[in-house]
Amino acid sequence: MRPVSVWQWSPQGLLLCLLCNSCLGSPSPSTVPEKKASSQELRFRLAGFPRKPFEGRVEIQRAGEWGTICDDDFTLQAAHVLCRELGFTEATGWTHSAKYGPGTGRIWLDNLSCRGTEQSVTECASRGWGNSDCTHDEDAGVICKDERLPGFSDSNVIEVDRHLQVEEVRLRPAVVGRGRRPLPVTEGLVEVRLPDGWSQVCDKGWSAHNSHVVCGTLGFPSEKRVNVAFYRLLAQRQQHFFGLHGVACVGTEAHLSLCSLEFYRANDTTRCPGGGPAVVSCVPGPLYAASSGQKKQQAKPQGEARVRLKGGAHPGEGRVEVLKAGTWGTVCDRKWDLQAASVVCRELGFGSAREALTGARMGQGMGAVHLSEVRCSGQEPSLWKCPHKNITAEDCSHSQDAAVRCNLPHTGVEAKETWYWDSGNITEVVMSGVRCRGTELSLDQCAHHGTHVACKRTGTHFTAGVICSETASDLLLHSALVQETAYIEDRPLHMLYCAAEENCLASSARSANWPYGHRRLLRFSSQIHNLGRADFRPKAGRHSWVWHECHGHYHSMDIFTHYDILTPNGTKVAEGHKASFCLEDTECQEDVSKRYECANFGEQGITVGCWDLYRHDIDCQWIDITDVKPGNYILQVVINPNFEVAESDFTNNAMKCNCKYDGHRIWVHNCHIGDAFSEEANRRFERYPGQTSNQII
């Protein structure tokens, strides 16, 4: 929902009001500070499922009636105020689109605007008590820091149904044999964690819809039939404690706790008469099928993927991008909710959605915004099957890109600790030649040299180490600009001394008759965007940057970009390399400020939301094609080719174009982002006898 419009005041009108000391019929703004209704007149509580004690949907009781807060214009500052009202020290986050389920009754506040320092929510601006154009699908929630205010009296804070909350769900496999079952567990008894501990669910009235929701909650895209008779026989030999019954899911819920269900009371002596424990069997997505120990099934023929996630730090999270007319674009976050997010997650082989993120929380995309106002029921097999609105560029910006976090299966990797230590006492190297795509769940699933370890010596210099981060940069080349700016220049040799010094010409230039003659150069502009969630910074510190007197700048990376001309079968016929003349913010999006510039030995890098432009008319922004014969070729550009700087996604670092060269002119067309590896990276990964390639299908 949008706030109502605000009247515009002219300076003359304002002066007249000041002189008259009053204005008849003066307009009221869209958000006005609330009159000081004492906070003692209000009561606050956290509600909804699933949640922890310090998070939930915010509900306020006013005049004896409970109501909610609309998420329009809601901010972390408002969450801080509300968390203090609830007795917590501060907020760590907030939620929108009824993440904890829709409330009931009045929507007390809309367009709530707080500075974050208010003592009470009554001091914040809003549309007024009870004045809202929202629905309960827009109820706001808060995530408070699990730390109470000293001496806080919670007489006005009520926790709703905390004792009737499904906190977690799991599958307990049948105990058959002594072998250790592989993770993730895909079949077993459904158990829920209640405040009193884990308990089973009565299967009377159990449906496929219930199984579908349970599997989605556990990170699996779908369910399959299970041998109930086997588990019934097994159950006769075991004792069970039933805590839940009457589960009736529609099938579109993102979590079991959102289904209609009933809890057994403490004094219920007869539980689940004539029934048994609910059993579910789930189908893992492609990423987890191999690790679950299931037999690899014949893959069904599928068309090109039309939905993907970008910018996330973990599997199953990222900015939602969709393919339309051969071009990838983003999804506007208007009306983006858990149902739509769950459709995306299941389509990609994960479970239901854990969060539906708005406001470009996973970074801003590039290019078109293809979809808006996506409204899914949750039963659709693909996001493209959901009703949606095709939009124009003016309707939505990339600051509103939608994203998701999906439920993932428990694989045991989550708790695996990685230690970084002085390797001076290392006596054995157990793995070498590791090459990963980035989607593997562990190093064992990456390609490597197998039992033939290449490292002949041990020691600090020969052992690998990592520094982990929740966020990373993500560079993307503006491919259309390359196509639009490509041209040929015959440049005189006497103008290329600096370029020769920087090794920007083909090797045949060394034997040229300097300073006479010329070199034929394919020139183009490259505009490199950082679409990630962290700034792109050179690996080397400023103390090790190399000064190049000829061009008058520091090189912060040995190789930043590779330019290659390839034959259709991939043979390289011409190449160019570009040491980063200077990584800086040439331009940025409207709401982003520049942070890096080359002048005066400044810090180098590319800020999130900014781009570095290398114009076609600067030195070394070319490929020397003097020795290339006429024919059809591929122009390939690879950014960060040696993977020196961490990125959340390397698959979009390469761009390819089709080229036709007749000896005088060149046509560059069909430029697109594609996969490629630099020659250095391929050379580093030498093949050895017995090399394994443990790739997940």
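The structure contained in this document is the topic of the report that follows. In this text the structure is predicted, and so the values were computed from the model without any measurement.

Definitions and cut-offs
Residues numbered from 1 in each chain as written. Predicted model: local features only at pLDDT ≥ 70, side-chain atom pairs only at ≥ 80, totals over all residues. Heavy atoms only, no water. Helix = DSSP H or I, 4+ residues; strand = E, 2+ residues; numbered from the N terminus. Buried < 20%, exposed > 50% of the residue type's maximum accessible area, 1.4 Å probe, protein only. Lys, Arg positive; Asp, Glu negative; His and termini not counted. Salt bridge = Lys/Arg side-chain N within 4 Å of Asp/Glu carboxyl O. Polar contact = N/O pair within 3.5 Å; in protein donor to acceptor, adjacent residues only side chain to side chain. Contact = heavy atoms within 4.5 Å. Pairing = 2+ DSSP bridges. Core = buried A, V, L, I, M, F, W, Y, C linked by side-chain atoms within 4.5 Å.

You can see aspartate 139 is positioned in the loop between β7 (125-126) and β8 (141-144). Summary of buried charges: aspartate 139 has no salt-bridge partner, and the nearest side chain of opposite charge, arginine 57, is 4.5 Å away. Only 2.8 Å separates the side chain of aspartate 139 from the side chain of threonine 68, close enough to count as a polar contact. There is a polar contact of 3.0 Å between the side chain of aspartate 139 and the side chain of histidine 136. Sequence-distant contacts of aspartate 139, that is, excluding residues within four places in its chain, are made with Arg57, Thr68, Ile69, Thr95, His96, Ser97, Ala98, Pro102 and Gly103.

Attention now goes to the sheet that holds strand β25 (residues 475-477). Sheet architecture is open: four strands sit in the order β25-β28-β34-β33, paired in antiparallel fashion. Taken across any chain shown, the strands that pair with only one partner, and hence form the sheet edges, are β25 and β33 (587-588). Strand direction decides the pairing type here: β25 and strand β28 (residues 526-530), joined by three bridges, are antiparallel. The residue of β28 that forms the bridge with leucine 477 is isoleucine 528.

What follows concerns unusual backbone geometry. Here the bond from tryptophan 514 into proline 515 is cis, since omega is -5°, no more than 30 degrees from zero. Relative to the helices and strands, proline 515 is located in the loop between α8 (497-501) and β27 (518-523). Positive phi outside glycine occurs at aspartate 73, with the angle close to 65°.

Inside soluble globular proteins, nonpolar side chains tend to come together where they are buried. In terms of nonpolar packing, the biggest core is built from 30 residues, with Phe524, Ile528, Phe536, Phe560, Ile565, Ile623 and Leu635 touching the most fellow members. Put simply, the parts of the chain that give this core at least two residues each are β25, β31 (561-566), β36 (631-639), β37 (654-661) and β38 (666-674). With 28 residues, the next largest nonpolar core counts Val343, Ala353, Cys376 and Leu441 among its residues.

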